[in-house]
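So you can see what is in the structure, the chains are spelled out below.
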Amino acid sequence: MPLRILVVEDEMTIALLMEDMLTDMGHEVAGLAMRLPQALALAETVEADLAILDVNLDGRMSFPVADILRRRGVPFIFATGYGSAGIDAPYLDVKVIKKPFLTDDLAVAIRTVA
Amino acid sequence: MSEVERPADAFPYGGGALGALIRAFDWASTSLGPIDRWPAALRSVTSTLLLSPVPIVLLWGEDGIMLYNDAYSVFAGGRHPQLLGSKVREGWPEVADFNDNVMKVGLAGGVLSYKNQELTLYRHGYGEQVWMNLDYSPVLDDAGAPAGVIAIVVETSETVIAERRVRDSEARFAALVNATSDAVYRMNPDWSEMSALDSQGFLVNTEAPSTTWMDDYILPEDQPHVREAIEAAIRERRPFQFEHRVRGVNGSVGWTESRAVPLMDAGGEILEWFGAASDVTERRRAEEHLRLIINELNHRVKNNLAMTQAIAAQTFRGTEDVGEAQQRFTARLVALAQANDLLTGERWAAASLRGVLEQAVRPHCGEQARLTIEGPDVQLSPKTALALSLAMHELATNALKYGAWSGETGGVAVTWHTYRPENDEPERLHIEWREQGGPAVSQPARRGFGSRLIERGLSAEMGGDVKMLFEPAGLACVIDAPLTLYRSGE
């Protein structure tokens with residue numbers, strides 16, 4: 001089933017790669033934000049079934065975005081180069097995929113959450 | 001000279017080894033004269049001193065003829081038995097002046113008393129420093145006039161040397177405390193009371209015994225761990241060693257490495273603990289900093305690998321000409337690496353827009369005259385600089401291959417300025433890439449990675465509008481984005 005997915009990723013090339021991966025899987029990119037302010041604004045308004053959040057957005061943690069998504073009932077996963085070590089305590093139950101990742105890794109993570 | 005062996009029951013009676021020597025001595029050859037003609041006072045004092053366990057010497061007459069007991073003979077060492085019956089100034093030639101004064105004062109009826117008097121004596125054939133308590137008083141003859149001097153000689157060398165060692169040791173300890181930057185402390189056996197803490201400015205000193213030291217120096221949440229380490233050290237009677245946080249002067253919190261050794265009595269009971277606490281705050285800070293740097297470095301390595309993966313995936317996506325794709329991929333990796341250099345040069349803090357353009361674009365242009373880079377310098381955040389650098393690389397390689405630099409005469413102008421749409425609105429950055437003089441341009445049938453990176457990626461990165469304009473006169477790229485985003489270095 002195609003999903004509408006919000007992508008929050010501060011690295012331009014990686015953001016484009018994720019768009020390609022998601023499109024190839026048949027999903028639709030509902031929105032793309034690369035900095036915390038845009039991500040916060042988008043998280044409030046986007047119509048999405050799922051979100052993929054980079055943890056560190058140019059030096060600022062994306063956890064406030066996660067809080068908005070939780071409140072709105074939008075499931076999300078973290079994608080980070082830090083691995084689980086960089087995740088704050090309240091989000092330790094959230095699925096994490098480590099960068100760099102394969103299309104299959106992303107597909108599996110999406111299936112476990114959506 | 002007549003040798004008269006006197007029986008043991010004659011004067012002086014008893015008196016141990018010296019009694020016997022005195023009885024056997026030829027006193028007639030001295031100024032004292034034959035022993036049986038000695039005045040009553042001389043006989044009385046001689047009898048008395050021979051029975052004393054305290055070292056006593058009698059110096060009789062102007063010459064100070066020496067009569068002494070067994071205890072004094074021990075003090076005299078190798079000088080005994082020659083001293084017996086000798087003149088005191090000759091018997092102890094090394095202290096003749098001292099004894100000359102003793103004789104003069106004593107025979108004039110005066111007394112002398114010295115506490116821990118230091119003299120150099122040759123008792124065993126070599127000079128040694130000797131300390132003594134010396135008490136001299138006159139001995140009156142039968143007519144009541146001073147005829148000799150009696151001296152009680154108690155050697156105190158061992159006590160003086162021991163006290164001096166203690167004093168030296170205390171001085172060395174004080175010097176050590178002053179020389180070290182460590183705080184030095186003492187605790188009672190169960191650590192319930194700190195008797196003192198002396199610090200060279202790192203901690204507040206404790207001058208009087210304190211039972212509140214734990215609350216004074218250790219943060220509440222750390223106290224259980226410190227207590228645990230103390231209890232283990234007491235239980236196992238081994239040195240205490242623990243690294244913990246500590247309240248420093250003016251309320252700051254630092255780190256200390258604290259070590260204390262138990263001082264025990266002969267029976268192995270702990271008398272007190274003696275400790276030193278060094279300030280390791282800087283080291284801890286450096287370790288923490290290093291940990292953060294390693295984490296960050298690890299993150300950046302992963303991120304760079306992810307970017308490499310992204311560039312590879314998109315360069316090779318749907319490509320037919322693998323050879324050309326490989327060349328593009330390599331060029332893009334080099335552009336990425338150079339952009340990283342640019343950021344490293346600025347210590348990852350910020351990069352200048354001019355620097356980004358010069359590095360990303362200039363190497364692709366063969367003739368300097370065919371490239372114009374012009375605008376007021378602006379600082380970019382590292383992320384924006386990296387993204388812009390990759391985008392500019394795409395435009396430059398495209399210009400070289402298909403655009404203004406592919407022929408003999410075309411040129412590229414990159415210009416920018418900052419402006420405010422309305423007076424109170426935030427400042428914006430407007431960048432234009434314009435090619436002219438190249439082959440005629442038409443709308444491409446398919447958008448490649450380069451255009452997508454620029455139009456979709458860069459616009460999202462900069463939070464503004466980025467347009468590629470395929471104008472017949474030459475390709476143009478117009479970027480218009482808020483400036484505040486990158487000025488703050490967020």
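Undergrad: Explain the overall build of chain B here, please?
TA: On a plain count of helices and strands, chain B comes out with 14 helices and 17 strands. Across the 490 residues in chain B, those meeting the buried criterion constitute 29%. Relative to all contacts within chain B whose residues are 6 or more apart in sequence, the contacts with residues 24 or more apart total 55%.

Undergrad: Quick question: what am I supposed to make of the interface of chain B and chain A here?
TA: A common way to state how big an interface is: give the accessible area lost once the parts meet. At the junction of the two partners, chain B supplies 26 residues and chain A supplies 21 residues. Elements with a minimum of two residues in the side of chain B that touches chain A: α9 (281–316), α12 (382–401) and α13 (449–462) of chain B. Looking at the side of chain B that touches chain A element by element, the count peaks at 12 residues for α9(B). Grouping the amino acids of the side of chain B that touches chain A by side-chain chemistry returns 11 nonpolar, 8 polar and 7 charged.

Undergrad: Mind showing me how you'd approach the sheet that holds strand β7 (residues 96–98) of chain A here?
TA: Hydrogen bonds along the backbone pair up the strands of a sheet, which may run parallel or antiparallel. Residue and element names in this part refer to chain A. Overall, parallel pairing links the 5 strands, which are arranged β2-β1-β3-β6-β7 in an open sheet. Pairing within the sheet leaves two strands with one partner each, and these edge strands are β2 (28–33) and β7. Averaged over all adjacent pairs, the angle separating strand axes in this sheet is 20°, with direction ignored. Taken together, the 3 bridges between strand β6 (residues 76–80) and β7 define a ladder with parallel strand orientation. Across the sheet, residue Phe 78 finds its bridge partner in β7, namely Val 96. Most of the contacts of helix α1 (residues 12–24) go to β2, to which it runs at about 165°, and overall it touches β1 (4–8), β2 and β3 (50–54). Along the sheet, helix α3 (residues 63–72) makes contact with β1, β3 and β6, crossing β3 at roughly 170°.

Undergrad: When you look at the packing of α1(A) against α9(B) in this model, what are you seeing that I'm missing?
TA: Working note: a packed helix pair is described by the angle between its axes plus the distance between those axes. Following both chains from N to C, one finds α1(A) and α9(B) inclined at 55°, their axes separated by 8 Å at the closest point. The angle between α1(A) and α9(B) places the two elements in the oblique class. For α1(A) against α9(B), the interelement crossing comes out left-handed. Residues Thr13(A), Ile14(A), Leu16(A), Leu17(A) and Asp20(A) of α1(A) form the contact with α9(B), whose participating residues are Ala306(B), Met307(B), Gln309(B), Ala310(B), Ile311(B), Ala313(B) and Gln314(B). Looking at side-chain class alone, the contact of α1(A) with α9(B) contains 8 nonpolar, 3 polar and 1 charged residues.

Undergrad: Quick question: what am I supposed to make of the nonpolar core here?
TA: Generally speaking, a soluble globular protein has its nonpolar side chains buried in company with each other. Counting 77 residues, the largest nonpolar core has Ala51(A), Leu53(A) and Leu458(B) as its most contacted members. When residues in this core are grouped by element, the largest group, 10 residues, is from α12(B). When neighbours within four sequence positions are excluded, Ala51(A) is seen to be in contact with Ile5(A), Leu6(A), Val8(A), Leu69(A), Val74(A) and Phe76(A). By size, the runner-up hydrophobic cluster in this structure holds 34 residues, among which are Trp27(B), Leu42(B), Ala76(B) and Met132(B).

Undergrad: Where do I start with the pairing of β2(A) in this structure?
TA: Looking along a regular strand, one sees side chains alternate from face to face of the sheet. Residues and elements named next belong to chain A. Both β1 and β2 contribute to a ladder of 5 bridges, which runs parallel. Opposite Val 7, over in β2, you have Leu 32 as the bridge partner. The β-α-β motif built from β1, the intervening α1 and the parallel element β2 has right-handed crossover chirality.

Cut-offs and rules
- Residues numbered from 1 in each chain as written.
- Chains lettered and ligands numbered in written order.
- Predicted model: local features only at pLDDT ≥ 70, side-chain atom pairs only at ≥ 80, totals over all residues.
- Helix = DSSP H or I, 4+ residues; strand = E, 2+ residues; numbered from the N terminus.
- Buried ≥ 20, exposed ≤ 12 C-beta atoms within 10 Å, placed from the backbone.
- Contact = placed C-beta atoms within 7 Å.
- Nonpolar A, V, L, I, M, F, W, Y, C, P; charged D, E, K, R; others polar.
- Pairing = 2+ DSSP bridges.
- Axes fitted to C-alpha atoms, helices over the stretch in contact; angles between N-to-C directions.
- Parallel < 35°, antiparallel > 145°, perpendicular 65-115°, else oblique.
- Left-handed = near helix turned anticlockwise from the far one by under 90°.
- Core = buried A, V, L, I, M, F, W, Y, C linked by C-beta atoms within 7 Å.
- Right-handed = clockwise from strand over helix to strand, strands pointing away.

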